[in-house]
Each structure stands twice: as C-alpha cells, then as structure tokens.
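What follows is each chain in one-letter form.
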Amino acid sequence: MSTKEAVDSAQATDRPEVARTPADAGDAGYSKDLKARHVNMIAIGGAIGTGLFLGAGGRLHNAGPALALAYLVCGVFAFFVVRALGELVLYRPSSGSFVSYAREFLGEKGAYVAGWMYFLNWSTTGIADITAIALYTHYWSMFTSIPQWVLALIALAVVLAVNLISVKIFGEMEFWFAIIKVATLVSFMLIGIFLLATQHHVDGTKPGLSVISDHGGFFPHGMMPVVLVMQGVIFAYAALELVGVAAGETAEPEKVVPRAVNSIMWRVGVFYVGSVVLLALLLPGAVYSADQSPFVTVLSKIGIPAAGDVMNLVVLTAAMSSLNSGLYSTGRILRSMAMAGSAPKFTGRMNRSQVPYGGILLTCAVCVLGVGLNYLVPSQAFEIVLNVASLGIISTWVIIMVCHLVFVRRAREGLVTRPHFQLKFSPVTEIATIAFLMVCLGMMWNDPEVGRKTLLLIPVIAVMLVAGWFGVRRRVTRNAEREPSGLAG
C-alpha cells in the first residue's frame, strides 16, 4: 500500500494510535475490478460447493436425516466467523485478509501461522476438488477408461490457465459458476417438492415422512455418527472466508461486504438444510453413497437418466469453482506473506494483469502431489485430503476469532474504532465458536481409519511451522524494520 493510502486509512479511524500501524504492503498493485455482483456470488459460491454436492451423499449414508441438524449447527458458527471477518474487513479492507489482521493483532508469528495453515487448507482442498472432478467425470462411461489421475491433472491445468489471466475473469467465472449452482439447487428443490406433493414414487418408494420413520427415524444410527460428521460438515463451509479476501479487490467494500455476509445465513438455511431435508424425504439414507452426488442419485432413480447427466455436469462446475477460488485466495494470501518476508520471495510476484502468479503456482505444485495421490490411492484420496483440509480451515477460523477478540479489546481501550457492522455478544460469541471448532477437531479421533491419523499429523505440522519460522524470522524482522520507515515518507 502506498504512503498516501496508509495515511488515509489511519486517518479514517480518527485515532492517532492507528497511524503507527503499518498498512499491509501486500495490498499494493491490485486492480479493484471485482464488482458487487462478483463478491455476492463469491459469497454464495463459497457456501455452495463440493461439500454439499459430493460430500452430502456419504454423510447422509452415515448419519441419516439428522445430517440437516449438523449442517444447521455448523452453519450458525460459520456465520459467526464470517461476521467477525466482515467487521475486520470494514475496519481495514485488505487482500491479505485475516493474515493481514493476524499481523496487526497477533504479530508476525500469528500472521505466519495463519497464512501457512490457510495454504495447507486450500492446497489440500484443491486436491479434494480435482479428485471430485475426476470422480464426477467417471460417471460418464466414455471417460471410465481414463485413469483418475489423468482427469485430475487436466482439470488443474484448465483452472490454472483461467486464474492467471485476470481477477476480472476470475470474478466473472465465479459469478456464472454460482449462478449455475444456485439455479440447479433451486430446480432440484422444486422437483423434490413436486415429487413430495404428488407422492410420485422414487425408486419404488413413496416419498414423505414415512421414508424417515420406516428406516430408523431422524437418528437411524444414533447420535454419534451425526457428531462425527461435524468436522466434515465444517469443511463444506470452508470457502465462506473468501468474502474477506475478495473485499481487497473491490472498489466499495463498505457497501458490498455487509450485504454479502448477511445473506449467507439464509442461504445456508435454504440451500444446505433445505436440500438435505428434501433428500432425506425422497430416499432412505442407505441408498446414498460417498462416490456419487446425492442429487444425481435421486434424479437417476426417478427414471430420468438425462437429468442425472445434467446434474453431474453442474456438480462438476461446483468442484471447478472451488478449485478456482482456492487458487485465487492462496495467491493473495501468499503475496501478503511474501511482502512481510514469511513466504518465499517469488510468491510476491505479479504479472501484467495484476495477478499474483507466484503464490498460485505454489498452490498448483501441491495439487500436482494430489494427482499422485489419485494415482496411488484413488478410492481414499478424497477422504484423506478432506481431513487434512479440515485442520487448515479450523485453525484459520480460530485465528479469525482470536483476531476479533483482540480487535474488540483494543476498541474498548480506545485504540481502534469498531465499524457499524459488528459481531454481536463479544466475547461470548468468539469463545463459543472457538470451543465448538476445538470439539470438532477432537472428534476426528473417533475415526481410526483417517481422522486419527490426521490428528497425529498436528505435531508434524507444528514442527514444520517452527522450523519454517526459524528459517524466515530474520527476513521478517528486516522487512518489519524497513516498512515503517517506508510509510513515514
């Protein structure tokens, strides 16, 4: 950020103390090409992704209709996180988003941990997305002979090419991806309501409450499976924080962000909870499976195979959208870190279209490792990376809430001014959210196959973070000493 912009942002708060806080150098050089409709649709796209379109099938199989309750509970806490981030965005918009706020409120170590855990989240989510794309493509018989890893590699190459062109193209792609996802979900829900209203048989069964009551009720396998799917459900909401990153590249964040954040809650209610309830009323949970979208399952069972093909094409775009968003956000986050010295220097580079290509290419490099995972264990690739991504997203959300706690405390001390758009009932809301996220993390221990192994990775990740910090701390200190003097002129 330039000297003038830094001074302007400091003066805007009417607090002399803020003037001493260096602005994020990683915010310089971006175009402000994202319009309100782009940010709104990025918010919707973040709320509707692979977690619903693919993940809901296996979870319905395991937890039954009570999955709707899991989506609702996780959705409320996800909303708290985005509301807290929205308040921080209005205080100071930044493409570095929560990494930039962690730097201001938790120091460079906090920013370092926030950034690399977010990178872990999106690089592994990228692997989950290319795995999902390969699984969706295998739905069509003409592609079944092509190895899963080849399809995953093709998908990665296509999305990388699009992301490197310009932020405007990214925003436009996300806009249309989101339109397709919303239109499809609305169409499916209308079909589901029609099937319920007319009592049209689905796979030889009359839809309605009897489908739930005749197959074990709301909790067919008890409460524990519902509790266990929570950490997977958290992953379904993992892209909601994209609103904060996108705000750094829009001209009027103070108008756009509150509208986008407030709309998330009802979208969660309608699209997630509503669609899961419909799915549970149409077919027994045991019919759904982890390797097919539950929407494709329903449409195929009502004797319209072409509808299954159309739906499969739509869920394919949902996975492409998620991959697209992951490359976009990690590029911006890594650039913010590179400017502070806590990420490799090349991740701070931008091309002529003002796209931080260095960070995007680094994320792609990890996704290429995921192509290898698809080659080695194609049947388990999705679940393995889903759990690792959960570690990344839970830590990111915890850091956002901790940043908000410090921000509110400083506001009470008169050091900063809170905007009109606020997270209510602080500090209770933040503490409750952090506790819930920690419980979700702990519940992974009950899954000996994948979850427990994932938790055992935490010490490994911690050692890598500590080792990495010792590798970059001198550069971070040098950059921090240079930054204030650069702003003073």
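Chemist: Looking at this structure, I do not really get a positive patch on the surface. What am I missing?
Modeler: Where like charges cluster on the molecular surface, the positive patch consists of Lys-109, Lys-345, Arg-349, Arg-473, Arg-474, Arg-475, Arg-478 and Arg-482. The greatest single-element share of the positive patch, amounting to five residues, is contributed by helix H21 (residues 457–488). You can see Arg-474 is positioned in helix H21. With relative accessibility at 68%, the residue Arg-474 sits in the exposed group.

Chemist: How should a nonpolar patch on the surface be read in this particular structure?
Modeler: On the surface, Leu-69, Leu-72, Phe-218, Phe-219 and Met-223 cluster together into a nonpolar patch covering about 420 Å² of accessible area. Inspection of the secondary structure assignment puts Leu-72 in helix H5 (residues 67–91). Assessed through its relative accessible area of 37%, Leu-72 is described here as partly exposed.

Chemist: Looking at this model, I keep getting lost on the packing of helix H9 (residues 167–198) against helix H14 (residues 253–282). Mind explaining?
Modeler: Each packed pair of helices is defined by two parameters, the angle between the axes and the distance between the axes. Packing of H9 against H14 brings their axes to within 10 Å, and their N-to-C directions diverge by 35 degrees. The handedness of the crossing between H9 and H14 comes out as left-handed. Residues Val-182, Leu-185, Val-186, Phe-188, Met-189, Gly-192, Ile-193, Leu-195 and Leu-196 of H9 touch H14, and the partners they reach there are Val-270, Phe-271, Gly-274, Ser-275, Leu-278, Leu-279, Leu-281 and Leu-282. In terms of residue class, the contact of H9 with H14 is made up of 14 nonpolar, three polar and no charged.

Chemist: Teacher, can you tell me more about the environment of Ile-399 here?
Modeler: Among the secondary structure elements, Ile-399 is positioned in helix H18 (residues 381–412). What makes Ile-399 buried here is its relative accessible area of 10%. A sequence separation of 300 residues divides Ile-399 from Val-99, and the C-alpha atoms of the two residues are 8.9 Å apart.

Chemist: I keep staring at unusual backbone geometry and nothing clicks. Help me out?
Modeler: Where the residue is not glycine, phi is negative for most of them; where a peptide bond is considered, it is trans in most cases. Across the junction of Ser-426 and Pro-427, the peptide omega takes the value 5 degrees, indicating a cis bond. Topologically, Pro-427 is positioned in the loop between H18 and helix H19 (428–443). Positioned with a positive phi, Gln-199 is a non-glycine residue whose angle comes to about 55 degrees. Looking at the element boundaries, Gln-199 is found in the loop between H9 and helix H10 (209–213).

Analysis parameters
Residues numbered from 1 in each chain as written. Predicted model: local features only at pLDDT ≥ 70, side-chain atom pairs only at ≥ 80, totals over all residues. Heavy atoms only, no water. Patch = residues over 30% accessible without salt bridge, like charges linked within 9 Å, V, L, I, M, F, W, Y side chains within 5 Å. Areas by Shrake-Rupley, 256 points an atom, 1.4 Å probe, with all protein chains shown as cover. Salt bridge = Lys/Arg side-chain N within 4 Å of Asp/Glu carboxyl O. Lys, Arg positive; Asp, Glu negative; His and termini not counted. Charge placed at Lys NZ, Arg CZ, Asp CG, Glu CD. Helix = DSSP H or I, 4+ residues; strand = E, 2+ residues; numbered from the N terminus. Buried < 20%, exposed > 50% of the residue type's maximum accessible area, 1.4 Å probe, protein only. Axes fitted to C-alpha atoms, helices over the stretch in contact; angles between N-to-C directions. Left-handed = near helix turned anticlockwise from the far one by under 90°. Contact = heavy atoms within 4.5 Å. Nonpolar A, V, L, I, M, F, W, Y, C, P; charged D, E, K, R; others polar.

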